[in-house]
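Each chain, written out:
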Amino acid sequence: MRILWIPLVALSLACTSRVKYDAPDSGTDLSEDTAMDTDPEADTDTDTDTDTDTDTDTDTDTDTDTDTDTDTDTDTDTDTDVSGDDCSDLWFCDDFETDTVGATPSSERWTIESPDCSGDGVITVTDEHAHSGTRAIAVSGSGGYCNHIFIAPTADIATLGEVVYGRFYIRLDEPLEMGHVTFLSFHDASDDRDLRMGGQSEILMWNREIDDATLPELSPTGIAYSTAPEAEAWTCIEFEVDSMGTLQTWVDESLVEGLIIDGDPTGDIDSQWLRSAWTPDLTDARFGWESYGGGSAAILFDDIALSSEPIGCMP
């Protein structure tokens, strides 16, 4: 008598911060069949079992079709992964998965910078926490301006054109404090000073070095228009800077009202910023830490990307 085993398929789908984010075996009881084989009058029963096996083969063909559908779904998930080699359509992106833990990020893709002066700031690759994969970069430094440290892409950001889009994930060890700090900085050739994103008054904010204008204005109303990344959790931050003088910021895919410059002055948000003409000409992008008071740093970055088109947070 033939015994047919029907394969069971376990489906598993995966996604990417970046990976998104049985019935028991059935068998035929052989004890009854053995008794039938030793009974000369049981031949008719045996023929009936043979017919049942034929019907079961038809069910097996149906299971094979289901396997084909599963393969198609798996391929689709792989195509939406924007990490590593799968983000090659972007001008720049890095998830640090090919870097050595404990070392600085690849010198082919990044330069380490400490503008003006150097202190005890350090940037290394870590596997303690990661937004995607197993690695990220850790930034540490004590309070005081010279203890700042940054990494900057070796690629020339000027080739992006009139509009620069960016996306990065950040994980703060502690909530933002009252003092002014920076964790993203651009050199702006239009005034030979820096355009900076960071924190002050316990919120996320932008700062223009040349006149110390802030976005939003640091009034109680302006502060209420911004937001703050949660400590000890990964936050997706996106931005758009246009050479025409406009700027937008998203946190976890939500546009932040207090972090927009649209050319039309809005009280408590960008009125201070727009008192003087601003047409930025960005020549680099630096990720790291800079403190203008006594604050210290313990920050992680992962999945950094820059492009001339919107990028989006990872699925």
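Here, the structure is the one placed above.
Attention here is on the structure that accompanies the text. The numbers attached to residues start from 1 for each chain and follow its sequence in the written order. A pLDDT threshold of at least 70 governs which residues receive local features in this predicted model, and a stricter bar of 80 or more applies before side-chain atom pairs are shown or counted, although totals over entire chains, interfaces and linings include all residues. For side-chain calculations, the full set of non-hydrogen atoms in the structure is used, while hydrogens and water are omitted.

A pair of cysteine sulfur atoms is labelled a disulfide when the two atoms are within 2.5 Å. Applying the stated rule across the entire model yields two disulfides. Between Cys 117 and Cys 146 runs a disulfide, and the two sulfur atoms are separated by 1.9 Å. Because the sign of the S-S torsion sets the handedness, a value of about -100° for the bond joining Cys 117 and Cys 146 places this disulfide among the left-handed ones. Residue Cys 117 is located in the loop between strand S2 (110-113) and strand S3 (122-126), and its partner Cys 146 is located in the loop between strand S4 (136-141) and strand S5 (149-153); the two are separated by 29 residues in the primary sequence. The numbering of helices and of strands both runs from the N terminus, where a helix is a DSSP run of H or I of at least 4 residues and a strand a run of E of at least 2.

Once that is clear, we can look at unusual backbone geometry. Here the amide bond leading from Leu 215 into Pro 216 is cis, since omega sits at 0°, within 30 degrees of zero. In this model, Asp 212 sits at a positive phi of 65°, which is unusual for a non-glycine residue. Burial status follows relative accessibility: with a 1.4 Å probe on protein chains alone, a residue under 20% of its type maximum counts as buried, one over 50% as exposed, and anything between as partly exposed. For Asp 212, a relative accessible area of 48% puts it in the partly exposed group. One non-glycine residue, Asp 303, lies in the positive phi region at around 50°.

Only one rule defines a salt bridge in this text: a Lys or Arg side-chain nitrogen within 4 Å of an Asp or Glu carboxyl oxygen. All chains considered together, the criterion is met by five salt bridges. Across the pair Glu 113 and Arg 286 runs a salt bridge whose closest N-O atoms are separated by 4.0 Å. Highlighted residues: Glu 113 in strand S2 and Arg 286 in strand S14 (residues 286-291), separated in sequence by 173 residues. The class of Glu 113 is partly exposed, set by a relative accessible area of 25%. Ionic pairing is found between Asp 194 and Arg 286, a salt bridge with its closest N-O pair at 2.6 Å. Taken together, the residues span a long stretch of sequence, with Asp 194 in strand S8 (residues 193-200) and Arg 286 in strand S14 at a distance of 92 residues.

With that settled, the discussion passes to the sheet that holds S2. DSSP calls a pair of strands paired once it identifies at least 2 bridges connecting them. The seven strands lie next to each other as S2-S5-S14-S7-S8-S9-S10, forming an open sheet whose pairing is antiparallel. In the strand order of this sheet, the two ends are held by S2 and strand S10 (213-215), each with one partner. Shown here is a sheet whose adjacent strand axes are inclined to one another by a mean of 30°, direction ignored. Two strands pair when backbone bridges link them, and S2 and S5 are joined in this way by four bridges, in the antiparallel orientation. Across the sheet, Trp 110 pairs through a bridge with Pro 153, a residue of S5. All axes here are fitted lines through C-alpha atoms, helices being fitted over the stretch that makes contact, and every angle between N-to-C directions spans 0 to 180 degrees.

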